[in-house]
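Commentary on secondary and tertiary structure
Take a look at the letters that make up each chain.
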Amino acid sequence: MDRFTAVERALRHSAPHALLETVQDALTAHYTARKVDLLMADYAMTILQPVNALPYTATPVPIHTSAPGRAFGAQEPYIEDGGGEGEPRTAHLPVSVRGDRIGILSVRLPADACDPDTVRELADVAEVLGHEIVVAERDTDLYLQARRADRLTLAAEMQWQLLPGRSCSRPEYEIGAQLEPAYAIHGDNFDWSASADHLTLTVTNGMGEGIEAALLTNLAINALRNARRAGLSLSDQACLADQAVYGHYQGAVHLSVLLLCFDLATGETEIIDAGSPKMWRMRNGRTEPVDLDGQLPLGMAEDTPYTHERLQLEPGDRLLFVSDGVYDVASPTGERYSERALTRAMNSSRLLPPSQVPRAVLQELSGHRGPAVTAEDDALIVCLDWRGRP
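Residues numbered from 1 in each chain as written. Predicted model: local features only at pLDDT ≥ 70, side-chain atom pairs only at ≥ 80, totals over all residues. Heavy atoms only, no water.

A separate point is the confidence of the model for the protein. It should be kept in mind that the predicted coordinates are not to be read in detail where pLDDT is low. For the protein, per-residue confidence averages 92 on the pLDDT scale, and 93% of positions sit at 70 or higher. When pLDDT is averaged over each element of the protein, strand 12 (residues 268–274) comes out on top at 98 and helix 9 (residues 324–327) at the bottom at 76. (pLDDT = per-residue confidence, 0-100. Helix = DSSP H or I, 4+ residues; strand = E, 2+ residues; numbered from the N terminus.)

Put into structure tokens, the structure is as follows:
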């Protein structure tokens, strides 16, 4: 048995809460590792938190100004020199699952053991570890706790558990998404699901605040999932979710949603615009909003009919979806975050991968709002790069 297979087998047989100890022992035995650390990206995607410490007690590692953060941002292994010839070196390796960035595995090795082949094997180990973490989170809170730089509100707890991830990658497309304020979100949400031939994407802006907004969004998202998993069309998915929300709240509250279904082979896209999330497209260097036929938000009226419209995507298109918590934000002088500002933010982040675009736009939004101003509404950004099939 080769050393990579031995480590992989050890991880697959590890207890869910003991993955760090298992990978530490296995890499020490098979790769002569001097030290092994696991860092998890926090909910705000600004710091990396060590797993081997109680929540909120460890010193975090900043993503934007650290060696582990460099590997996390680039999603490539980064080798940190030990400070002198012959000194041990540290390999920082992305822990990701199908494009969803989870954290970093840092492995300190003797200088003569840190060769390219070993680093490639360790990168594969980090990928296996990521898959095992996703499975382990069904049975332990350890890794979810490690992601927290602060305590989540109950509404935020419900919302984060509802999300599919924060990024996803396939040959045809790549998605990145983020919500703010990360530790106190209310009703905004995003969801996606892919089959062999289609991608369904949902961008949601729930009405209200706190736990009530989270409950409304949970009802709507699960109604949409129930309809989607029953094989219903996009229009019928919207109708079923509309009936579920209206049946429970009788029109007292509603939920704005943008529903999209992408044909992975052709790029033809069905869209239902039922509320306020807005859609922008960058094509051939030009950025502009996509005008859609607005329909009633879910749950506003009884038995609302919904119809889809079509949009044709081209390889190289970038789509950006934003909630009203982005385009309604005011500066300290009262100036709204205008279309011009959003266009500038998209253009300035055009070279970034979709997984990094939402954070870049939200940082610019924070600067517009002012450092001393607290966000009054959720801000949601979803970025999708369309590559299409050959």
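Still to come is the rest of the account.
Turning our eyes to something else, we now look at unusual backbone geometry. For the bond from Glu180 to Pro181, the omega torsion is -5 degrees, close enough to zero to count as cis. Considering the arrangement of structural elements, one finds Pro181 in the loop between strand 8 (173–180) and strand 9 (188–194). Of note in this structure, Arg98 is not a glycine but carries a positive phi near 50 degrees. Its location among the elements puts Arg98 in the loop between strand 5 (89–97) and strand 6 (100–109). Classification of Arg98 as exposed rests on a relative accessible area of 62%. Even without being a glycine, Asp303 presents a positive backbone phi close to 55 degrees. (Buried < 20%, exposed > 50% of the residue type's maximum accessible area, 1.4 Å probe, protein only.)

Another aspect to go through is the pairing of strand 5. Summarising burial for strand 5: 8 of the 9 residues are buried, a large majority. Inspection of the sheet shows strand 4 (residues 78–80) paired to strand 5 by 3 bridges, in the antiparallel sense. Residue pairing for strand 5: Ile79 is matched across the bridge by Ala91. Examined bridge by bridge, strand 5 and strand 6 share 9 bridges and lie antiparallel to one another. Following the sheet pairing, Val97 is matched in strand 6 by Asp100. (Pairing = 2+ DSSP bridges.)

Right, let's get into the nonpolar core. Counting residues in hydrophobic clusters, the biggest one holds 36 residues, and the most contacted among them are Leu201, Phe262, Met279, Phe321, Val382 and Leu384. When contributions to this core are tallied by element, the ones reaching two or more residues are helix 6 (154–162), strand 8, strand 9, strand 10 (198–206), strand 11 (255–263), strand 16 (318–322) and strand 17 (379–386). The contacts of Leu384, once residues within four sequence positions are left out, are Glu174, Ile175, Leu199, Leu201, Phe262, Asp317, Arg318, Leu319 and Phe321. Within the second largest apolar cluster, 32 residues are counted, among which are Leu19, Leu38, Ile102 and Leu109. (Core = buried A, V, L, I, M, F, W, Y, C linked by side-chain atoms within 4.5 Å. Contact = heavy atoms within 4.5 Å.)

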